[in-house]
Amino acid sequence: MPERKTMERAQRDKREGKAPTTQAGEFVREEMEHIRKGKHGARSTKQAVAIGLSKARRAGVKLPPPAAGRTSEKTRKSAERAYEKGQRGDTEPNPKRSRARVGVLKREAHGVASKRALSRQAKTAASKRSASSRSAAARKAVKTKGPAKRSAAARKGARTRAARRRRG
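What counts and how
- Residues numbered from 1 in each chain as written.
- Predicted model: local features only at pLDDT ≥ 70, side-chain atom pairs only at ≥ 80, totals over all residues.
- Heavy atoms only, no water.
- Helix = DSSP H or I, 4+ residues; strand = E, 2+ residues; numbered from the N terminus.
- Buried < 20%, exposed > 50% of the residue type's maximum accessible area, 1.4 Å probe, protein only.
- Contact = heavy atoms within 4.5 Å.
- Areas by Shrake-Rupley, 256 points an atom, 1.4 Å probe, with all protein chains shown as cover.
- Lys, Arg positive; Asp, Glu negative; His and termini not counted.
- Charge placed at Lys NZ, Arg CZ, Asp CG, Glu CD.
- Core = buried A, V, L, I, M, F, W, Y, C linked by side-chain atoms within 4.5 Å.
- Axes fitted to C-alpha atoms, helices over the stretch in contact; angles between N-to-C directions.
- Nonpolar A, V, L, I, M, F, W, Y, C, P; charged D, E, K, R; others polar.
- Salt bridge = Lys/Arg side-chain N within 4 Å of Asp/Glu carboxyl O.
- Parallel < 35°, antiparallel > 145°, perpendicular 65-115°, else oblique.
- Left-handed = near helix turned anticlockwise from the far one by under 90°.

Asks: Before we go on, may I ask you to explain the overall build of the protein in this structure?
Replies: Check the secondary structure of the protein and you find eight helices and zero strands. Listing every helix and strand of the protein by position from the N terminus yields α-α-α-α-α-α-α-α. In terms of its C-alpha atoms, the protein occupies a principal-axis envelope of roughly 55 × 35 × 35 Å. Here the protein, with 168 residues, has 21% of them falling under the buried criterion. Look at the contacts in the protein between residues 6 or more apart in sequence, and 62% of them connect residues 24 or more apart. As displayed, the protein offers around 12,000 Å² of accessible surface, 53% of which is attributable to carbon and sulfur atoms. For the protein, the centre of its 51 positive side-chain charges and the centre of its 14 negative side-chain charges are spaced 10 Å apart.

Asks: What exactly am I supposed to notice about the nonpolar core here?
Replies: Across soluble globular proteins, nonpolar side chains have a tendency to be buried as a group. Counting residues in each nonpolar core, the largest one holds seven residues, listed as Val28, Met32, Ile35, Ala42, Ala48, Val112 and Ala113. Examining the composition of this core, we find that three residues originate from one element, helix 2 (residues 20–37), more than from any other. Discounting chain neighbours no more than four positions away, the residues touching Ala48 are Glu31, Met32, Ile35 and Ala42.

Asks: Would you mind going over the packing of helix 3 (residues 45–58) against helix 4 (residues 73–88) with me for this structure?
Replies: When two helices pack together, you describe them by how their axes are tilted relative to each other and by the distance separating the axes. As a packed pair, helix 3 and helix 4 sit with axes 6 Å apart at the nearest point and diverge in direction by 35 degrees. Across the interface between the two elements, Ser54, Arg57 and Arg58 from helix 3 touch Ala79, Ala82, Tyr83, Lys85 and Gly86 from helix 4. Class assignment of the residues belonging to the contact of helix 3 with helix 4 gives a composition of three nonpolar, two polar and three charged.

Asks: I'm lost on the pattern of salt bridges in this one. Help?
Replies: Oppositely charged side chains may form a pair once their charged atoms are brought near each other. Counted according to the given criterion, the structure contains 10 salt bridges. Between Glu30 and Lys55 there is a salt bridge, with its nearest N and O atoms 2.9 Å apart. Of this pair, Glu30 sits in helix 2 while Lys55 is found in helix 3, placing the two residues 25 residues apart along the sequence. Taking the relative accessible area as the measure of exposure, Lys55 reaches 14% and is therefore buried. Several salt bridges share partner residues, and in doing so they unite Glu30, Glu31 and Lys55 into one network.

Asks: What's the story with the side chain of Gln23 in this structure? I'm lost.
Replies: Within the secondary structure layout, Gln23 lies in helix 2. The class of Gln23 is buried, set by a relative accessible area of 8%. With residues near it in sequence (within four places) discarded, Gln23 still touches Ala10, Asp13, Lys14, Lys18 and Val61.

Asks: Explain the packing of helix 1 (residues 4–15) against helix 2 to me, please; I cannot follow it from the model alone.
Replies: Between helix 1 and helix 2, the least distance of the axes is 8 Å, while the angle of their chain directions is 160 degrees. Considered as vectors, helix 1 and helix 2 are oriented roughly antiparallel to each other. As helix 1 packs across helix 2, the resulting crossing turns out to be right-handed. Note on element contacts: helix 2 touches helix 1 through Thr22, Gln23, Glu26, Phe27, Arg29 and Glu30, opposite Thr6, Met7, Arg9, Ala10, Asp13 and Lys14. When its residues are assigned to classes, the contact of helix 1 with helix 2 shows three nonpolar, three polar and six charged.

And the structure:
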C-alpha cells in the first residue's frame, strides 16, 4: 500500500491539473525512498521505476498501460491488470503475496536508487527521444508550473548555463 503522504501528493498534482505521469512520479519517488532506506532493493533502476508505476496504477492514477509493441506483452498485460484494478477501486493487497514480493526484493541491490543510477537511467531514456519530443514535453510542463515556480526554474536554468560556460 502506498503511504498516505504519497497519495496526498498525487491527489494535489491531480487537482493542479498535472498529467497522470506527474501524479505517478510521486509513487516512483516513494519507491526510490524505500530502496534508499533499505526496505527492499530492485534488480535495476528500470524495475524500481516499474514498481512505482504499478503502485500508481493500482492506487487509481489514470496512467494508461503502454501501447502494444512498446514493451513486452507480459509487462503490458501486467500494467493493464494494475490499471483496471485501480479504476475498479479494489486496492486491498493480498498479505501473503506482499510478503513474498518484499522477500524477493530484499535480496536485490540497493544502489539502483542512487542519484548516479537515476541520472544514468534518465539520460539513456531521454537519449531515445527526439529533441522535438523533449522540447514539447518541456513546453507542456510550463503550462502547469505557475509564475513562482516558473521564475525559479528560469533562475535555475540561468545558473546551469552560467556553470556550463565557466566549465566549457
